[in-house]
Amino acid sequence: MAGVLALAAFTVSAGETVEVYKSPTCGCCSKWIDHLRDHGFTVNAHDVGNKEARARAGISPSLGSCHTAMVNGYAIEGHVPARDIKRLLRERPQAVGLAVPEMPHGSPGMEGARSDPYDVLLIKEKGDQRRDATVYNSYNTSGQKRFK
């Protein structure tokens, strides 16, 4: 029975539609979209830039990255791994959404020879600055989870 519950929790967000606002020329944004699709999300890409979408979502520029997405009422800023989005949708915290500020090497869509540590941040209130957000998940230099 526990295995069935674990499988249900893992697939809870499969098929969710993610609306992504990005530049039409951003290659890493397109790679992040591929990452989401590979993990069961349906993605609608809007090649209009993301500054307006970020502002509408209430995400501070200090948490900004190259694309902004919306899924089930949550904002997703930057190169957030699909597994963290699935966890957010499963847990449904009171929050604006998740952010990976800037464009860290090694995050989904930014894979390459270099891989830097980075945090996925939970944005609790509209207008939160980087200092106000809490760490939702952390990744080490090999792209693996350091702690939950």
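It should be emphasised that the depicted structure is a prediction, and the values quoted were computed from it without experimental measurement.

Student: Describe helix α2 (residues 27–38), with residues and values.
Tutor: Its twelve residues give α2 an end-to-end C-alpha distance of 17 Å, which sits within 8% of 16 Å, the value for a rise of 1.5 Å per residue. By the burial criterion, the buried members of α2 are Cys28, Cys29, Trp32, Ile33, His35 and Leu36. The arc enclosing the buried residues of α2, seen along the axis, measures out at 155°, which places them on a common side. Positive phi appears at Gly40, one or two residues downstream of α2, with a value of about 95°.

Student: An account of the nonpolar core is needed here, citing residue identities and associated values.
Tutor: The biggest cluster of nonpolar side chains holds 24 residues, and the ones touching the most others in it are Ile76 and Ile85. A total of four residues in this core trace back to one element, the largest contributor, which is helix α4 (residues 82–91). Not counting the four nearest positions on each side in its chain, Ile76 is found in contact with Trp32, His67, Thr68, Ala69, Val71, Ile85, Leu88 and Leu98. Grouped together as the second largest cluster of nonpolar side chains are nine residues, Ala57, Ile59, Ala99 and Ala133 included.

Student: Now, about the side chain of His35: what can you tell me, with residues and values included?
Tutor: Along the polypeptide, His35 turns up in helix α2. For His35, the residues in contact, after removing those within four places along its chain, are Pro81, Ala82 and Pro108.

Student: Explain the confidence of the model for the protein to me, and be specific about the residues and the numbers.
Tutor: Across the protein, pLDDT averages 87, with 85% of residues at or above 70. Confidence scores differ between elements of the protein, with strand β8 (residues 145–147) showing the lowest mean pLDDT of 39 and strand β5 (residues 97–100) the highest of 98. Long-range and interchain partners of residues 1–13, a stretch whose pLDDT sits below 50, account for seven contacts in this model, where long-range means more than four residues apart.

Student: Can you tell me about the pattern of salt bridges, naming the residues and giving the values?
Tutor: Evaluated as defined, the whole model comprises five salt bridges. Ionic pairing is found between Asp47 and Lys22, a salt bridge with its closest N-O pair at 2.8 Å. Of the two residues, Asp47 is situated in strand β2 (residues 42–47) and Lys22 in strand β1 (residues 17–22); the sequence distance between them amounts to 25 residues. By relative accessible area, Lys22 is classed as buried at 4%. For the salt bridge of Arg114 with Asp116, the shortest nitrogen-to-oxygen distance reads 2.8 Å. Residue class for Arg114 comes out partly exposed when judged on its relative accessible area of 48%.

Here is what the cut-offs are and how they apply
- Residues numbered from 1 in each chain as written.
- Predicted model: local features only at pLDDT ≥ 70, side-chain atom pairs only at ≥ 80, totals over all residues.
- Heavy atoms only, no water.
- Helix = DSSP H or I, 4+ residues; strand = E, 2+ residues; numbered from the N terminus.
- Expected span 1.5 Å × (residues − 1).
- Buried < 20%, exposed > 50% of the residue type's maximum accessible area, 1.4 Å probe, protein only.
- Arc of directions from axis to C-beta.
- Core = buried A, V, L, I, M, F, W, Y, C linked by side-chain atoms within 4.5 Å.
- Contact = heavy atoms within 4.5 Å.
- pLDDT = per-residue confidence, 0-100.
- Salt bridge = Lys/Arg side-chain N within 4 Å of Asp/Glu carboxyl O.

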